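The residues making up each chain are set out below.
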Amino acid sequence: MNTSKIYALLVPVVSVLIALLIASIIIIMIGKNPITAYSIMLEGAFGSQEAIADTIMKMTPLILTGLAVGFGFRAGVFNIGAEGQMTMGALIGAIVAMNIGGIPSVIAIPLSILVGMLAGAFWASIAGFLKAFTGAHEVISTIMLNWIAANIASFMVSGPLAVGSGTPKSPEIAEAAKLPVILKVQATELSIGIFIAIAVAIIMYILIEKTTTGYKLKAVGFNPHAAEYGGISIRKSIILTMAISGALAGMAGIVDLIGVPPHRFVGELTGGRGFDGITIALIGRNHPIGIIFAALLIAALRTGSNAMQIRAQIPNDIVSIIQGIVIFLVAAERIVSTLISWRRKKGVTAI
């Protein structure tokens, strides 16, 4: 392993350790023992079959949203719309999954996932098209599309798809469209969704690092002007990048819906996990394998924080503090390295 790879690995690890240290000071200030708190958090995330199943269940969509954002970053596109794309993927995929009874699961499951991916890809492609042909910045357009998606979802589960009373929700999907369960502990069901997410991460690694398409998209991300001079279509690359990124976010939505009870679309299905993809992509340094471990970290923090709050009476806001510090440190490292690189280039130019 060369020095750059070791450095890339050390940055997020050290960032997490510093974040835990700073959070420890805060825990001490509120009169609690940080060692006890972290022990309870670790036990809450991995201390039983139910805890492990819950952590992995939370981890599954986070891998996919992290891949969605990370892939965009690698290709020079800032897809901040994974939340909306996840929503549309889950919504449109759910409509198909609800009306797909009578066919085998080997067809129903892939079809539901494919439709969810296409919905996410289409939703992201709107922002890609606007950027490619009008110059509209994708950060602004994807944020606006998030709100549109949220309101469409709210309308659908409150009107055309509404069933029952209480929380707005859709009908349950067909039995054939539900992902097989590999572990059931009390009310927690762990499906094969985690294997799908890991397989997709490996496929994305191959796409980015081992294919001509991946090389072209990365080239646009590194230097669009040089890429265009080399014969790569910038417009095509932007739209393709957004479509692939949106497809991954759409997959996160539909895989979560068909893999986790109650197997219905509800208005708050995404729960901010599309935005968590930004955090995970940064911690994982936009690398598909790094994103898997970053998703595991965030999922473990979320699961363990519940136990920490109940058993140690420590607010789960501590987890938000840890997450925020990690993002700050990882982002700060990028800022510093960019400034150093800029100064080096300036020095070379001056010579």
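Scroll up for the structure.
Right, let's walk through the structure included here.

Scoring rules and cut-offs
- Residues numbered from 1 in each chain as written.
- Predicted model: local features only at pLDDT ≥ 70, side-chain atom pairs only at ≥ 80, totals over all residues.
- Heavy atoms only, no water.
- Helix = DSSP H or I, 4+ residues; strand = E, 2+ residues; numbered from the N terminus.
- Rg over C-alpha atoms; globule rule 2.2 N^0.38 Å.
- Buried < 20%, exposed > 50% of the residue type's maximum accessible area, 1.4 Å probe, protein only.
- Contact = heavy atoms within 4.5 Å.
- Areas by Shrake-Rupley, 256 points an atom, 1.4 Å probe, with all protein chains shown as cover.
- Lys, Arg positive; Asp, Glu negative; His and termini not counted.
- Charge placed at Lys NZ, Arg CZ, Asp CG, Glu CD.
- Axes fitted to C-alpha atoms, helices over the stretch in contact; angles between N-to-C directions.
- Parallel < 35°, antiparallel > 145°, perpendicular 65-115°, else oblique.
- Left-handed = near helix turned anticlockwise from the far one by under 90°.
- Nonpolar A, V, L, I, M, F, W, Y, C, P; charged D, E, K, R; others polar.
- Core = buried A, V, L, I, M, F, W, Y, C linked by side-chain atoms within 4.5 Å.

## Quick look at the overall build of the protein chain
Then, number 1: A count of helices and strands for the protein chain gives 13 helices and two strands.
Then, number 2: For 351 residues, the compact-globule formula gives about 20 Å, and the C-alpha radius of gyration of the protein chain, at 21 Å, lands near that figure.
Then, number 3: When its C-alpha atoms are laid out on the principal axes, the protein chain stretches across 70 × 55 × 35 Å.
Then, number 4: In the protein chain, buried positions account for 49% of the 351 residues.
Then, number 5: For the protein chain, restricting intrachain contacts to residue pairs at least 6 apart in sequence, the fraction spanning at least 24 positions comes to 76%.
Then, number 6: Accessible surface computed for the protein chain: about 16900 Å², of which carbon and sulfur atoms make up 69%.
Then, number 7: Of the side chains in the protein chain, 23 bear a positive and 15 a negative charge, and the two mean positions are spaced by 12 Å.

## Considerations on the packing of helix 3 (residues 49-74) against helix 7 (residues 193-210)
Then, number 1: One can describe the packing of helix 3 onto helix 7 by two numbers: an axis separation of 8 Å at closest approach and a directional angle of 15 degrees. Our classification of the angle between helix 3 and helix 7 gives roughly parallel. In the crossing of helix 3 with helix 7, the sense of the turn from one axis to the other is left-handed. Of the residues in helix 7, those touching helix 3 at Ile56, Met59, Thr60, Ile63, Leu64, Leu67, Phe71 and Arg74 are Gly193, Ile194, Ala197, Ile198, Val200, Ala201, Met204, Leu207, Ile208 and Glu209.
Then, number 2: Tallied by class, the residues present in the contact of helix 3 with helix 7 amount to 14 nonpolar, two polar and two charged.

## A closer look at the nonpolar core
Then, number 1: Among the nonpolar cores identified, the biggest contains 80 residues, and Ile63, Leu67, Leu257 and Phe265 are the most heavily contacted of them.
Then, number 2: With ten residues, helix 12 (residues 288-312) is the largest single contributor of residues to this core.
Then, number 3: When neighbours within four sequence positions are excluded, Leu257 is seen to be in contact with Ala90, Ala94, Ile173, His263, Arg264, Phe265 and Leu269.

## So, the packing of helix 3 against helix 11 (residues 273-283)
Then, number 1: Running from N to C, helix 3 and helix 11 point in directions that differ by 60 degrees, and their axes come no closer than 7 Å. Between helix 3 and helix 11 the crossing geometry is right-handed. Each of Pro61, Leu62, Thr65, Gly66, Val69, Gly70 and Phe73 in helix 3 lies in contact with helix 11, whose residues at this interface are Arg273, Gly274, Asp276, Gly277, Ile278, Ile280 and Ala281.
Then, number 2: Its residues assigned to classes, the contact of helix 3 with helix 11 comprises seven nonpolar, five polar and two charged.

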